[in-house]
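In case you want the letters, here they are:
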Amino acid sequence: ILGLGWMQSKDAVPALIELAKGTDVRMKRRAVQALGQIGDPRAIPTLMASLQDADATVVQNAIFALGWLKAKEAVPDLIRFATAPAANDWRKAEWRPAAFRALGRIGDERALAGLEKEIASTNAAALAMAAAIRDAKLRARPAGIAQPAFLASADRFYALTRRFNALGGRPGTGARSTRYSPVPR
């Protein structure tokens, strides 16, 4: 599933949408992530529905995926995630920075107005999101997340490592690799 996401296989979108709607949590997690990486707007309704999933990782992946897709229709929900109090709830604590990052990638000015209190409080994630929204270069990026060309032949399984997911904007996946080399082979 991850390979389909990194290859940005638009032909796989209908099958990934079905997997994202399924009952196998591990498949849903990866399908939601791949749908965001592919960048096909047909996935947006499914990803919006995934924001209500019982699994915290599915929700977090959906937040990131909606940002990667630049889904402006998700802005009100993402603002809700970004402003939800995180006290004593580890899921909300992880969703907040993910929502800020997604809002920054989407680049919709409504996020600035909806998060004035967070930005004024010098919340680092909120400030980074505000800067990203104001950055025209970031707004010009295409939807989806493409695998960097230098990794395509050097390490085909790099997408499974923590560092590669961090390049795509998703830090802390728990995946580890002892074979990581920052220099292409």
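Trainee: Could you give me a rundown of helix α3 (residues 25-38), with the residues and numbers involved?
Mentor: The end-to-end C-alpha separation of α3 is 20 Å, in line with the 20 Å expected for 14 residues at 1.5 Å each. Along α3, the positions that sit buried rather than exposed are Lys28, Ala31, Val32, Gln33, Ala34, Leu35, Gly36, Gln37 and Ile38. N-capping of α3 is provided by aspartate 24, with a side-chain oxygen placed 3.1 Å from the backbone N of arginine 26.

Trainee: So what's going on with the packing of aromatic side chains? Which residues, and what values?
Mentor: Summed over all chains, the structure comprises 2 aromatic pairs. Pairing phenylalanine 64 with tryptophan 68 gives two aromatic rings, centres 6.1 Å apart and planes at 25°, and the pair type is stacked. In this pair, phenylalanine 64 and tryptophan 68 are both assigned in helix α5 (residues 56-68), 4 residues apart and thus about one turn of the helix distant. The pair phenylalanine 64 / tryptophan 68 is uniform in exposure class, with both members buried. Geometrically, the ring pair formed by phenylalanine 81 and tryptophan 95 is edge-to-face, given 5.5 Å between the ring centres and 90° between the ring planes.

Trainee: Residues and numbers for the packing of helix α2 (residues 13-21) against α3, please.
Mentor: Each pair of packed helices can be described by the angle between their axes along with the distance between the axes. Running from amino to carboxyl end, α2 crosses α3 at an angle of 145°, the nearest separation of the two axes being 8 Å. In terms of crossing hand, the pair formed by α2 and α3 is left-handed. Only Met27, Lys28, Ala31, Val32, Ala34, Leu35 and Ile38 of α3 make contact with α2, whose side of the interface consists of Val13, Leu16, Ile17, Leu19 and Ala20. The residue inventory of the contact of α2 with α3, partitioned by class, reads 11 nonpolar, no polar and 1 charged.

Trainee: Mind laying out the side chain of threonine 46, listing which residues take part and the relevant values?
Mentor: The topology assignment puts threonine 46 in helix α4 (residues 44-50). Take threonine 46: its relative accessible area is 7%, and that puts it in the buried class. When sequence neighbours within four positions are dropped, the list of residues in contact with threonine 46 reads Ile17, Ala20 and Lys21.

Trainee: So what's going on with a nonpolar patch on the surface? Which residues, and what values?
Mentor: A contiguous nonpolar patch, built from Ile1, Leu19 and Met27 and spanning about 200 Å² of accessible area, is present on the exposed surface. You can see isoleucine 1 is positioned in the segment before α1 (2-7). Judged by relative accessible area, which is 31%, isoleucine 1 ranks as partly exposed.

The rules behind the values
Residues numbered from 1 in each chain as written. Predicted model: local features only at pLDDT ≥ 70, side-chain atom pairs only at ≥ 80, totals over all residues. Heavy atoms only, no water. Helix = DSSP H or I, 4+ residues; strand = E, 2+ residues; numbered from the N terminus. Expected span 1.5 Å × (residues − 1). Buried < 20%, exposed > 50% of the residue type's maximum accessible area, 1.4 Å probe, protein only. Polar contact = N/O pair within 3.5 Å; in protein donor to acceptor, adjacent residues only side chain to side chain. Phe/Tyr/Trp six-rings, centres within 6.5 Å; stacked < 30°, edge-to-face > 60°. Axes fitted to C-alpha atoms, helices over the stretch in contact; angles between N-to-C directions. Left-handed = near helix turned anticlockwise from the far one by under 90°. Contact = heavy atoms within 4.5 Å. Nonpolar A, V, L, I, M, F, W, Y, C, P; charged D, E, K, R; others polar. Patch = residues over 30% accessible without salt bridge, like charges linked within 9 Å, V, L, I, M, F, W, Y side chains within 5 Å. Areas by Shrake-Rupley, 256 points an atom, 1.4 Å probe, with all protein chains shown as cover. Salt bridge = Lys/Arg side-chain N within 4 Å of Asp/Glu carboxyl O.

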